[in-house]
Amino acid sequence: MDQNAALFGGKRGFLTRILLALSADLGVLMSDSAPDWHRKKLAELNEQEWEALCDGCGRCCLQKLQDTDSGMTFFTRVACRLLDLDSCRCSDYDNRLQKVPDCTQVAPLTPQKIAWLPASCAYRKVDNGEPLAAWHPLCSGHQDSVHQAGKSVREWAISECVVDDSQYEDLLIEFDDDDNPVPL
Ligand code: SF4
Ligand code: SF4
């Protein structure tokens, strides 16, 4: 049993903690190339296009707990300590992998990582051949649209800096059909 499993053992069996990093730093806004996202596959995106595809919601930087018996993953409203809760961006993107060892890059997107991403994630949508939402910055043409539409974690995430490990299970959430967080 690893340390996290011991920490989060409880009503859902042994739970391990997972972090998946957001893909972009300041977000490269490319509204003039937005139509490309509806035609290209993820594997066809160049680095700049890949980065621009991130909507900046910050949901992947929420701590997640995994039931080590079932393998099911549960989101919490607890955000990685490096996530800026206002911009919903990583506060030290260049050094994130050194500062947060369990931060995991989205690329390349694997089936396991897909299970760790919210359904609203732009990478999942493109991977599924779905169109981006109207609030996606590539469609709206401005970065704030993800916040204005209530799709980022800005209004409800809590930094792990102010949460004790023992509280994580009380902060489990799921996302409803409108992608709003509801207590689990
Ligand atoms: S969940 Fe997806 S779209 Fe949202 S910040 Fe993370 S990688 Fe970007
Ligand atoms: S280190 Fe940065 S990119 Fe990685 S999970 Fe934390 S806030 Fe997200």
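Draft legend 1. Inspection of the overall build of the protein chain at higher detail. When its secondary structure is counted, the protein chain shows 7 helices and 7 strands. Seen in sequence order, the protein chain has helices and strands lined up from the N terminus as α-β-α-β-β-α-β-α-α-α-α-β-β-β. In the protein chain, which comprises 184 residues, the proportion classed as buried is 33%. Look at the contacts in the protein chain between residues 6 or more apart in sequence, and 66% of them connect residues 24 or more apart.

Draft legend 2. Spotlight on the nonpolar core. Counting 30 residues, the largest nonpolar core has Leu53, Cys61, Leu62, Ala79 and Leu83 as the members making the most contacts within it. Elements represented by at least two residues in this core include exactly helix H2 (47–53), strand E2 (62–67), strand E3 (73–79) and helix H5 (122–127). Among residues more than four places away in sequence, those in contact with Leu83 are Gly58, Cys61, Cys88 and Cys90.

Draft legend 3. Representation of the pairing of E2 within the structure. Taking burial as the measure, the 6 residues of E2 include 5 buried ones, the bulk of the element. Note that E2 and E3 share 4 bridges and pair antiparallel. The residue of E3 that forms the bridge with Gln66 is Thr73. Connecting E2 to the next strand, E3, in antiparallel fashion are 5 residues, including Gly71 with a positive phi near 80 degrees.

Draft legend 4. Summary view of unusual backbone geometry. Omega for the peptide link from Ala107 to Pro108 comes to -10 degrees, which places this bond in the cis form. Of note in this structure, Cys88 is not a glycine but carries a positive phi near 65 degrees. Secondary-structure assignment places Cys88 in the loop between E3 and helix H3 (96–99).

Draft legend 5. Examining the environment of Lys113 more closely. Tracing the chain through its elements places Lys113 in helix H4 (residues 111–116). We classify Lys113 as partly exposed; it has 19 C-beta atoms within 10 Å. Along the backbone, Lys113 and Cys60 are 53 residues apart, and their C-alpha atoms lie at a distance of 10.0 Å.

Draft legend 6. Broad picture of the pairing of E3. Taken together, the 2 bridges between E3 and strand E6 (residues 172–175) define a ladder with antiparallel strand orientation. Bridging across to E6, Phe75 finds its partner in Ile173. Both E3 and strand E5 (residues 158–159) contribute to a ladder of 2 bridges, which runs parallel. The residue of E5 that forms the bridge with Ala79 is Ser159.

Draft legend 7. How the structure looks around the environment of Glu51. Mapped onto the secondary structure, Glu51 falls in helix H2. Judged by the 17 C-beta atoms lying within 10 Å of it, Glu51 is partly exposed. Distance in space between the C-alpha atoms of Glu51 and Ala107 is 9.9 Å, their sequence separation being 56 residues.

Draft legend 8. Geometry of the confidence of the model for the protein chain. Confidence in the prediction of the protein chain, expressed as mean pLDDT, is 83, and 80% of residues score 70 or more. Segment residues 1–14 is flagged for pLDDT under 50; beyond a separation of four residues in sequence, or across chains, it makes 28 contacts in the model.

Analysis parameters
- Residues numbered from 1 in each chain as written.
- Chains lettered and ligands numbered in written order.
- Predicted model: local features only at pLDDT ≥ 70, side-chain atom pairs only at ≥ 80, totals over all residues.
- Helix = DSSP H or I, 4+ residues; strand = E, 2+ residues; numbered from the N terminus.
- Buried ≥ 20, exposed ≤ 12 C-beta atoms within 10 Å, placed from the backbone.
- Contact = placed C-beta atoms within 7 Å.
- Core = buried A, V, L, I, M, F, W, Y, C linked by C-beta atoms within 7 Å.
- Pairing = 2+ DSSP bridges.
- pLDDT = per-residue confidence, 0-100.

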